[in-house]
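Secondary and tertiary structure notes
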Amino acid sequence: MKKPQPIDCERALARIFEFIDRELKAHEHEAMQQHLQTCKSCYSRVEFERRLMGRLKELRDAEASVTVRRRIDKLLKSF
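Below you will find a few notes about this structure.

What counts and how
Residues numbered from 1 in each chain as written. Predicted model: local features only at pLDDT ≥ 70, side-chain atom pairs only at ≥ 80, totals over all residues. Heavy atoms only, no water. Axes fitted to C-alpha atoms, helices over the stretch in contact; angles between N-to-C directions. Helix = DSSP H or I, 4+ residues; strand = E, 2+ residues; numbered from the N terminus. Parallel < 35°, antiparallel > 145°, perpendicular 65-115°, else oblique. Left-handed = near helix turned anticlockwise from the far one by under 90°. Contact = heavy atoms within 4.5 Å. Nonpolar A, V, L, I, M, F, W, Y, C, P; charged D, E, K, R; others polar. Expected span 1.5 Å × (residues − 1). Buried < 20%, exposed > 50% of the residue type's maximum accessible area, 1.4 Å probe, protein only.

The next thing to look at is the packing of helix H3 (residues 26-38) against helix H4 (residues 40-60). The description of two packed helices rests on the angle between their axes and on the distance between the axes. Put simply, H3 and H4 touch, their axes get as near as 6 Å, and they point 115 degrees apart. Regarding the angle of H3 to H4, the classification is roughly perpendicular. Read as a crossing pair, H3 and H4 show a hand that is left-handed. Listed contacts from H4 to His35, Leu36 and Thr38 of H3 are Lys40, Cys42, Tyr43 and Val46. Residues that form the contact of H3 with H4 fall into these classes: four nonpolar, two polar and one charged.

Take a look at the structure:
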């Protein structure tokens, strides 16, 4: 197995969703984990994205209110 190479914030931020979705190769995942252990900024961003994705998944299955549906219909008609 390849040894993880250190990564910088720019690379970490570019790969956030692949990391969250577990789509990185093992050595890339390990490099991200190492970076997140030392970088509070990137760690916070990953945690925000994880929570947001979780909330969106919950909302996907929820029934929208009549008010929300009307607002969405109005927005779609404006295009």
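This next bit is on H3. Taking 1.5 Å of rise per residue, 13 residues should cover 18 Å, and H3 covers 19 Å from first to last C-alpha, within 8% of that figure. For H3, every residue scored as buried is listed here: His27, His29, Ala31, Met32, His35 and Leu36. Buried-residue contacts for H3 involve helix H1 (9-14), helix H2 (16-20) and H4.

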